[in-house]
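Chain by chain, the residues:
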Amino acid sequence: MALLNILEFPDPRLRTRAAAVKNIDDSLLALIDDMFETMYAAAGIGLAATQINVHLRLVVMDLSGEGTESLVLINPEVDILDDERERSDEGCLSVPGYYETVERANHIRLRALGRDGKPFELEAKDLLAVCIQHELDHLEGKLFVDYISPLKRTRIRSKLEKKHRLDHQA
Ligand code: GNR
Ligand code: NI
């Protein structure tokens, strides 16, 4: 197992659109294990492959944060089930230290393949629905900061660029 480096905003590689997974082979299973290890080490509830610079349609999630609700989403697709939308505070391991309010659909259906390659479906609301939409955005090269005001986005970009310069010196 290995901890993977998480790309941080405004890294342009986070803007890559991910390609469909074609084969669930041993190297993909090893990558999934490394993504879970990386997500738990960073205390996140989700991680998209885009964030570790692998541009495949692959997500790991665990809303419990402790290994008991792990979900693997391969080639996920989402349908919005009704017009209800909900605002909630979001963070992102690729935008560390910043939380902003984002409005999203509150009731969705997810279809994906699991770690075993079998298709599954689930209906989601609230935090699970938020997290799924946040992760699918990563696979399209989108970040939650794209939904906030340009002023706030620019401020976050400047602060993270400064942090990256300091990280680089250390
Ligand atoms: O750990 C995470 N927490 C979180 C909180 C509110 C809304 C979305 C998220 S996802 C985030 C992990 C992450 O960056 N996934 O891409
Ligand atoms: Ni994220």
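Scroll up for the structure.
Since we're looking at a predicted model, the values are computed, not measured.

Rules used in this analysis
- Sequence order sets the numbering: in each chain, residues are counted from 1 along the sequence as written.
- Chain A is the first chain written and ligand 1 is the first ligand written, with later ones labelled in order.
- Two thresholds apply to this predicted model, a pLDDT of at least 70 for residue-level local features and 80 or more for giving and counting side-chain atom pairs, whereas whole-chain, interface and lining totals are computed over all residues.
- Excluding hydrogens and water, the side-chain figures rest on all heavy atoms present in the structure.
- Water is absent from the atoms considered, so a metal site may look incomplete; donors are defined as N, O and S atoms within 2.8 Å of the metal, or 3.2 Å for Na, K and Ca.
- Helix numbering and strand numbering both begin at the N terminus, where a helix is a DSSP run of H or I of at least 4 residues and a strand a DSSP run of E of at least 2.
- In this scheme, a residue with accessible area under 20% of its type's maximum is buried, one over 50% is exposed, and one in between is partly exposed, where area comes from a 1.4 Å probe on protein chains only.
- Residues enter patches when they are more than 30% accessible in relative terms and free of salt bridges; like-charged ones are connected within 9 Å and nonpolar ones (Val, Leu, Ile, Met, Phe, Trp, Tyr) within 5 Å.
- Surface accessibility follows the Shrake-Rupley procedure with a 1.4 Å probe radius. Residue values consider only the protein chains on display as shielding.
- Think of a salt bridge as a Lys or Arg side-chain nitrogen and an Asp or Glu carboxyl oxygen that are within 4 Å of each other.
- His is not counted here, nor are the chain ends, while Lys and Arg score as positive and Asp and Glu score as negative.
- Where a charge lies is defined by one atom per residue type: Lys uses NZ, Arg uses CZ, Asp uses CG and Glu uses CD.
- One heavy atom within 4 Å of a molecule or strand is enough for the residue carrying it to be called near that molecule or strand.
- N or O atoms within 3.5 Å of each other form a polar contact, as long as, within protein, one can give a hydrogen and the other can take it, and as long as residues adjacent in sequence are counted only when both atoms are side-chain atoms.
- As used in this record, nonpolar core signifies buried Ala, Val, Leu, Ile, Met, Phe, Trp, Tyr and Cys residues forming a set joined through side-chain atoms within 4.5 Å.

Engineer: Honestly, the coordination of the nickel ion (ligand 2) in this entry has me stumped. Any pointers?
Structural biologist: Each angle at a metal carrying four tetrahedral donors should ideally be 109.5 degrees, and each at a metal carrying six octahedral donors should ideally be 90 or 180 degrees. Within the protein, Cys 92 (SG), His 134 (NE2) and His 138 (NE2) serve as the donor atoms for the nickel ion (ligand 2), at 2.1 to 2.3 Å. Along the chain, the residues donating to the nickel ion (ligand 2) fall in the pattern C-x41-H-x3-H. One end of the pair, Cys 92, is in the loop between β4 (85-90) and β5 (100-105); the other, His 134, is in helix α2 (residues 126-139), and 42 residues separate them in sequence. For the pair shown, Cys 92 and His 134 are each scored as buried.

Engineer: Explanation requested: a positive patch on the surface in the structure shown.
Structural biologist: Taken together, the side chains of Arg 155, Lys 159, Lys 162 and Arg 165 make up a positively charged region of the molecular surface. If you trace the backbone, Lys 159 turns up in helix α3 (residues 150-169).

Engineer: For this particular structure, what's the right way to read the site of ligand 1?
Structural biologist: For ligand 1, the set of nearby residues contains 13 residues, the closest of which are Ile 45, Gln 51, Leu 93, Glu 135 and His 138. The backbone of Ile 45 places a nitrogen or oxygen atom 3.0 Å from an oxygen atom of ligand 1. With respect to ligand 1, the side chain of His 138 contributes an N or O atom lying 2.9 Å from an oxygen atom. Relative to its free-state accessible area of 390 Å², ligand 1 is covered by the protein chains to the extent of 90%.

Engineer: Explain the nonpolar core here, please?
Structural biologist: Side chains that are nonpolar tend, in soluble globular proteins, to be buried together. If you look at the biggest cluster of nonpolar residues, it comprises 17 residues, and the most contacted ones within it are Met 61, Leu 73 and Ile 132. The set of elements that each furnish at least two residues to this core consists of β2 (58-62), β3 (70-80), β6 (107-113), β7 (119-125) and α2. Broken down by element, the residue count for this core peaks at 5 residues, all from α2. Among the nonpolar cores identified, the runner-up in size contains 15 residues, and Leu 28, Ile 32, Phe 36 and Met 39 belong to it.

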